[in-house]
Amino acid sequence: MHVPQRPARRLLLKSAAATLAAAGLPAAPALAAPAAAPGGFPDYRYVKTLLTPGQLKYNPTGEIIFPCLRGTAGRVAQPLGRYYLYYAPHDAPGGICLAYGDHIEGPFTEYPHNPIVANVWDPHYSVSHVSSPHVMWNESAKEMWLYFHGENTTTRLARSKDGIHFTYDKVVLTTAMLPAGTTETSYARVFPYELPSKNAHFVMLFMLNNTTNHRDIHWGWSADGRNWTFDQKALVSHNDVSAVNVGGPHLLTRNGSAFVVYNKDKESGGDLMITEVGADFSLRRHLGRFYDSSAGAPDNGRSAAPSFGTEGGVAYMVYESGERLQGKIAVARA
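Residues numbered from 1 in each chain as written. Predicted model: local features only at pLDDT ≥ 70, side-chain atom pairs only at ≥ 80, totals over all residues. Heavy atoms only, no water.

Novice: Which residues make up the sheet that holds strand β2 (residues 65-71), and what values go with them?
Specialist: Within the open sheet, the 4 strands sit side by side as β2-β3-β4-β5. Their pairing is antiparallel. A strand with exactly one partner marks an edge of an open sheet, and here the two such strands are β2 and β5 (109-110). In terms of strand pairing, strand β3 (residues 83-88) meets strand β4 (residues 97-101) through 5 bridges, oriented antiparallel. When the sheet's bridge partners are listed, Leu85 is paired in β4 with Ala99. (Pairing = 2+ DSSP bridges. Helix = DSSP H or I, 4+ residues; strand = E, 2+ residues; numbered from the N terminus.)

In structure tokens:
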């Protein structure tokens, strides 16, 4: 069990700012948090459940996963709310969905015309399902860029000015781009990040499965967010952290270094873990538990797929709470 320690105010300010920057949300002054997680990041505590499948009009499979929180201020003209929360069912047919609200703690209202991206998009693709939405604000393009998978072998990109109506762009990742024996490349998140040595302005984190049926975290880099180069070796291997599977990665930065937060499978503890990878992604310093999933409700021993944001100087984490394909979307506060 991680025993939190009280950080200095300067450290807290930097931590909150780093979390905010990684989420792509508007800047706000940080408030002191009572404790710190590994790496000096805030210690998050569950607040409430934001979305449950049973409350949703679009609910084809009774399950939802992979929340992604984005602020709209200064980005979207006449937004439906100050925050857009993207999510999806995983099982077929899936479907990229949107909810909106004015506060990270909710309430969030389901967009009435979900899914905003379906599993058939003529003439671009027809697949069993689409899922795992990650939306990145692309400052240079002044657009919301949506990365999503369907099938599990393929990650695609779509682009939007309003965060609701998307135009298909292209395939950005497939199993063919990784080593022989790769069977899945999915659950990708993309972040603005400067890597001068690689002439890159963006990095992608994603989950890879292969014929051993153990899932690892991999990564890639890009100059434009559309055309990618991928490291052929794992960024975080399941073996590194004594897990059967790891997934749901998110990038955070602090004090000039980069960190990856990701989830273990429930059988391996079901917690969110954190690894420092360094400014150039060459470091592998496994720092341990980032968020301790509760044994009882709502986590039931599993927390996954975190997304981060800040409102009024308070840091938040929106995440998948509960057993795989039986969970809800919850929010935790620093």
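Novice: Could you give me a rundown of the pairing of strand β17 (residues 257-264), with the residues and numbers involved?
Specialist: Within β17, 8 of the 8 residues are buried, leaving the element largely enclosed by the surrounding structure. Count of turn residues in the strand β16 (residues 246-254)/β17 antiparallel hairpin: 2 residues, of which Asn255 carries a positive phi of about 50 degrees. Here β17 runs beside strand β18 (residues 272-276); their pairing, made up of 5 bridges, is antiparallel. From the neighbouring strand, Asn263 faces β18, where its bridge partner is Leu272. (Buried < 20%, exposed > 50% of the residue type's maximum accessible area, 1.4 Å probe, protein only.)

Novice: Which residues make up the packing of aromatic side chains, and what values go with them?
Specialist: Applying the stated criterion to the full structure yields 17 aromatic pairs. Judged by centre distance (6.0 Å) and plane angle (40 degrees), the ring pair of Tyr44 and Phe290 falls under tilted. Placement of the pair is Tyr44 in the loop between α1 (9-23) and β1 (45-51) and Phe290 in strand β19 (residues 285-291), with a sequence separation of 246 residues. We classify Phe290 as buried; its relative accessible area is 2%. Measuring from centroid to centroid gives 5.5 Å for Trp121 and Tyr168, while their planes differ by 75 degrees, and the two rings are edge-to-face. On the criterion of sequence distance, the pair formed by Trp121 in strand β6 (residues 120-121) and Tyr168 in strand β11 (residues 167-174) is long-range, its members being 47 residues apart. For the pair shown, Trp121 and Tyr168 are each scored as buried. Among the aromatic residues, ring-to-ring pairing joins Phe41, Tyr44, Phe259, Phe290 and Phe308 into one connected group. (Phe/Tyr/Trp six-rings, centres within 6.5 Å; stacked < 30°, edge-to-face > 60°.)

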